[in-house]
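The chain contents come next:
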Amino acid sequence: MTHPLVDQLRFARSELVRGLDSVTEEEGIRRFGPINSISWIVGHLAYQEQTFWIERRGLPILVPGLHDLVGFRQPASTPPLDEMWSAWRTITAAADPVLDALTIDDLEAHLTVNGQPTRESVGTMLRRTIGHYWFHNGEAQAIRQLLDHTDLPQFVGNIGKEAPYRRE
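Conventions used here
- Residues numbered from 1 in each chain as written.
- Predicted model: local features only at pLDDT ≥ 70, side-chain atom pairs only at ≥ 80, totals over all residues.
- Heavy atoms only, no water.
- Helix = DSSP H or I, 4+ residues; strand = E, 2+ residues; numbered from the N terminus.
- Rg over C-alpha atoms; globule rule 2.2 N^0.38 Å.
- Buried < 20%, exposed > 50% of the residue type's maximum accessible area, 1.4 Å probe, protein only.
- Lys, Arg positive; Asp, Glu negative; His and termini not counted.
- Charge placed at Lys NZ, Arg CZ, Asp CG, Glu CD.
- Expected span 1.5 Å × (residues − 1).
- Contact = heavy atoms within 4.5 Å.
- Core = buried A, V, L, I, M, F, W, Y, C linked by side-chain atoms within 4.5 Å.
- Salt bridge = Lys/Arg side-chain N within 4 Å of Asp/Glu carboxyl O.
- Polar contact = N/O pair within 3.5 Å; in protein donor to acceptor, adjacent residues only side chain to side chain.

This brings us to the overall build of the protein chain. The helix and strand tally for the protein chain stands at 8 helices and 2 strands. Taken from the N to the C terminus, the helices and strands of the protein chain come in the order α-α-α-α-α-α-β-β-α-α. Its C-alpha atoms give the protein chain a radius of gyration of 16 Å, within 12% of the compact-globule value 15 Å for 168 residues. With the C-alpha coordinates of the protein chain rotated into their principal frame, the extents come out at 45 × 35 × 25 Å. Out of the 168 residues belonging to the protein chain, those deemed buried represent 46%. With 16 positive and 22 negative side-chain charges, the protein chain shows a spacing of 5 Å between the two charge centroids.

Right, here's the structure in full:
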């Protein structure tokens with residue numbers, strides 16, 4: 001059975017998708033001052049998942065160039081929204097089998113990158129990813145408000161049905 005934290009990540013992902021439904025390409029690349037664009041947010045979350053669940057496991061990079069375009073501490077960018085959604089879908093689909101296979105022992109382990117253990121356990125990386133989604137979910141909704149969108153989704157959605165608490 002999939003670990004409950006993986007269910008929480010999937011729920012956070014689904015809330016991102018739900019929260020950005022109907023955002024156009026033009027809106028997706030718009031920036032308001034120093035605030036990230038929605039397209040950057042989508043690509044940035046894809047980048048993190050690719051780094052954590054693909055690259056750090058020694059699997060082939062699926063979307064080259066994401067680090068330079070939307071990676072941590074990189075300059076602001078406004079990549080095409082449809083390209084970032086495509087990258088996100090490709091990466092999350094490839095990450096899902098990795099996440100589905102995680103055991104409690106795996107979550108407590110540290111990956112080895114270039115011969116060095118990661119500073120965080122896999123479980124902490126998973127929690128970081130969940131929090132990262134919620135951080136950017138909120139940011140994306142603020143951007144939608146600046147775009148004068150109305151009738152925005154209510155957060156948090158149907159967590160009781162889609163990702164309720166269950167024992168580890």
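Moving on from the coordinates now.
Relative to the 22 Å expected for 16 residues at 1.5 Å per residue, helix 1 (residues 4-19) spans 22 Å between its end C-alpha atoms, a close match to the ideal helical length. The set of residues buried in helix 1 consists of Pro4, Leu5, Val6, Leu9, Phe11, Ala12, Arg13, Glu15, Leu16 and Gly19. Here the buried face of helix 1 lies against helix 3 (38-54), helix 5 (81-100), helix 7 (122-146) and helix 8 (159-162).

Further remarks concern the nonpolar core. Judged by nonpolar contacts, the single largest core of 39 residues is most densely connected at Trp53, Leu66 and Leu126. Counting residues per element, the ones that place at least two in this core are helix 1, helix 3, helix 4 (66-70), helix 5 and helix 7. Residues contacting Leu126, with those up to four places away along its chain left out, are Leu5, Val6, Leu9, Trp53, Leu99 and Leu107.

Here the structure, examined in full by the defined rule, presents 7 salt bridges. A salt bridge links Asp96 to Arg10; the nearest nitrogen and oxygen atoms lie 3.2 Å apart. On the criterion of sequence distance, the pair formed by Asp96 in helix 5 and Arg10 in helix 1 is long-range, its members being 86 residues apart. Here Glu15 ties to Arg18 by a salt bridge, and the two come within 2.7 Å at their closest N and O atoms. Residue Glu15 and its partner Arg18 are both found in helix 1; the two are separated by 3 residues, about one turn of the helix. Arg18 gets classed as partly exposed once you look at its relative accessible area, which sits at 32%. A single salt-bridge network, built from bridges that share partners, covers Arg10, Arg13, Glu49, Asp96 and Asp100.

A separate point is helix 5. In a regular helix each residue adds 1.5 Å, so 20 residues correspond to 28 Å; helix 5 covers 28 Å between its end C-alpha atoms and thus fits that length. Every buried residue of helix 5 is listed here: Leu81, Met84, Trp85, Ala87, Trp88, Ile91, Thr92, Ala95, Val98 and Leu99. Considering only its buried residues, helix 5 is in contact with helix 1, helix 2 (25-28), helix 3, helix 4 and helix 7.

Tracing the backbone through its elements, the reader meets Gln116 in strand 2 (residues 116-117). Judged by its relative accessible area of 54%, Gln116 is exposed. For the pair formed by Gln116 and Ala93, sequence separation is 23 residues and the distance between their alpha carbons is 27 Å.

Attention now goes to the environment of Glu168. Along the chain, Glu168 falls in the segment after helix 8. The class of Glu168 is exposed, set by a relative accessible area of 64%. Distance from Glu168 to His110, taken between C-alpha atoms, is 19 Å for residues 58 residues apart in sequence. Contacts of Glu168, omitting those with residues within four sequence positions, involve His3, Pro4 and Ile104. A polar side-chain atom of Glu168 sits 2.6 Å from a polar atom in the side chain of His3.

Attention now moves to the side chain of His136. Mapped onto the fold, His136 is located in helix 7. Those residues within four positions of His136 in sequence are excluded, and the remaining contacts are Asn36, Trp40, Ile41, His44 and Leu45.

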